[in-house]
Amino acid sequence: MSGELSPIDKAKFVAAKRAAEFVESGMRVGLGTGSTAAWLVRCLGERVREEGLRFRGVPTSARTADLAREVGIEVISLDEARWLDLTIDGADEFDANLSLIKGGGGALLQEKIVATASDQMVVIADAAKEVETLGAFPLPVEVIPFGWPTSQALVEETLVSMDVMGRSATLRMNGERPYVTDEGNHILDLHLGRIGNPRQLAMVLNQIPGVVENGLFIDICDQVVIGYSDGRVETR
Ligand code: 5RP
């Protein structure tokens, strides 16, 4: 399945493969979104086919749902599952406190709901995702389409009083059109450089009218499985 992989894909693959071993028959498992999570889904599909692993997966995006069905995983909705044993997902950045930036793939809303509804959240990531301070990766903020330029202005105004370096919030595009999430919303990417107080920023952003959710995951992740391009895997 892994064939000849680029160094970055090798790192993602080995992290995903290790985390796939955490899944046991009978579990309800949240399935993340993104290229690392896609490796996880493929590894789990392999376990379903080759070992007879039986579990139910709750995907965090339409993309992940399609892939999970394709590889033979039984897919159920969060409404059906209600509560999950485990969620495994990728991340754009993680720090020493296991605080995360997520949403680079645009699925942060479902990802945060599913991860929060899980006994355990495990992040799978290549080593380049580890940072001392969050914020080099643009922070995604999901906003409803109605009045998004006003939400954008309110977000930028709010950033002035926060412990961050940059202050611009750009609308994510898909070609000529605004990017649309699975929930029909848009995404503002906040170019902050450095987030001094992620907990406070996460709370303040969600108070702004029009903001649905932000990509800061604080006190949600329990463990990170880090993959390296030489095949090593480390768990924090
Ligand atoms: C999607 C996400 C992804 O987990 C994040 O962007 C990491 O993606 P990748 O595994 O492709 O590097 O949050 O919304």
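Above this text sits the structure in question.
Residues numbered from 1 in each chain as written. Predicted model: local features only at pLDDT ≥ 70, side-chain atom pairs only at ≥ 80, totals over all residues. Heavy atoms only, no water.

(A) Geometry of the overall build of the protein chain. Across its full length, the protein chain carries seven helices and 16 strands. Since a compact globule built from 236 residues should have a radius of gyration of about 18 Å, the 18 Å found for the protein chain is in line with a globular shape. Counting only C-alpha atoms and orienting by the principal axes, one finds that the protein chain spans roughly 55 × 35 × 35 Å. For the protein chain, with 236 residues in total, the buried portion stands at 53%. Across the protein chain, the fraction of contacts at a sequence separation of at least 24, relative to all contacts at a separation of at least 6, is 75%. Computing the positive centroid from 23 side-chain charges and the negative centroid from 35, the protein chain places the two 2 Å apart. (Helix = DSSP H or I, 4+ residues; strand = E, 2+ residues; numbered from the N terminus. Rg over C-alpha atoms; globule rule 2.2 N^0.38 Å. Buried < 20%, exposed > 50% of the residue type's maximum accessible area, 1.4 Å probe, protein only. Contact = heavy atoms within 4.5 Å. Lys, Arg positive; Asp, Glu negative; His and termini not counted. Charge placed at Lys NZ, Arg CZ, Asp CG, Glu CD.)

(B) Summary view of helix 6 (residues 148-159). With twelve residues, helix 6 should reach 16 Å at 1.5 Å per residue; the first-to-last C-alpha distance of 16 Å fits that figure. Taken together, the buried positions of helix 6 are S151, Q152, V155, T158 and L159. What you see down the axis of helix 6 is that its buried residues fit within an arc of 125°, all on one side. Exposed and facing more than 90 degrees away from the buried side of helix 6 are T150 and E157. Of the surrounding secondary structure, the elements contacted by the buried residues of helix 6 are strand 8 (139-143), strand 9 (168-171), strand 12 (186-191), helix 7 (198-205) and strand 13 (211-214). (Expected span 1.5 Å × (residues − 1). Arc of directions from axis to C-beta.)

(C) The arrangement of the site of the ligand in detail. Near the ligand lie 17 residues; those nearest to it are S35, T36, D92, G103 and K129. Here K102 contributes a side-chain N or O atom positioned 2.8 Å from an oxygen atom of the ligand. Considered on its own, the ligand offers 380 Å² of accessible surface; in the complex 91% of this is hidden by protein. Looking at side-chain class alone, the shell around the ligand contains two nonpolar, nine polar and six charged residues. (Near = heavy atom within 4 Å. Polar contact = N/O pair within 3.5 Å; in protein donor to acceptor, adjacent residues only side chain to side chain. Areas by Shrake-Rupley, 256 points an atom, 1.4 Å probe, with all protein chains shown as cover. Nonpolar A, V, L, I, M, F, W, Y, C, P; charged D, E, K, R; others polar.)

(D) View of the sheet that holds strand 5 (residues 93-94). Strand order in the open sheet formed by three strands is 5-6-14, with antiparallel pairing between adjacent strands. Two strands lie at the open edges of the sheet, namely strand 5 and strand 14 (216-217), each paired on one side alone. Across two bridges, strand 5 lies against strand 6 (residues 100-101) in antiparallel orientation. Across the sheet, residue E93 finds its bridge partner in strand 6, namely I101. (Pairing = 2+ DSSP bridges.)

(E) Spotlight on the pairing of strand 7 (residues 121-126). With six of six residues buried, strand 7 lies mostly within the body of the structure. Because side chains alternate across strand 7, one face comprises the buried residues M121, V123 and A125, and the other comprises V122, I124 and D126, equally buried. Looking at chain direction, strand 4 (residues 86-89) and strand 7 are connected through three bridges and run parallel. Counted as the bridge partner of D89 is V123 from strand 7. Both strand 7 and strand 15 (residues 223-227) contribute to a ladder of five bridges, which runs parallel.

(F) Molecular detail of the pairing of strand 12. Here strand 12 lies mainly inside the structure; five of its six residues are buried. Alignment of strand 8 against strand 12, held across five bridges, turns out to be antiparallel. Within the sheet, the bridge partner assigned to E142 lies in strand 12 and is I187. Where strand 9 and strand 12 come together, four bridges link them in antiparallel fashion. Opposite A169, over in strand 12, you have L190 as the bridge partner.

Shape descriptors only; they carry no functional weight alone.
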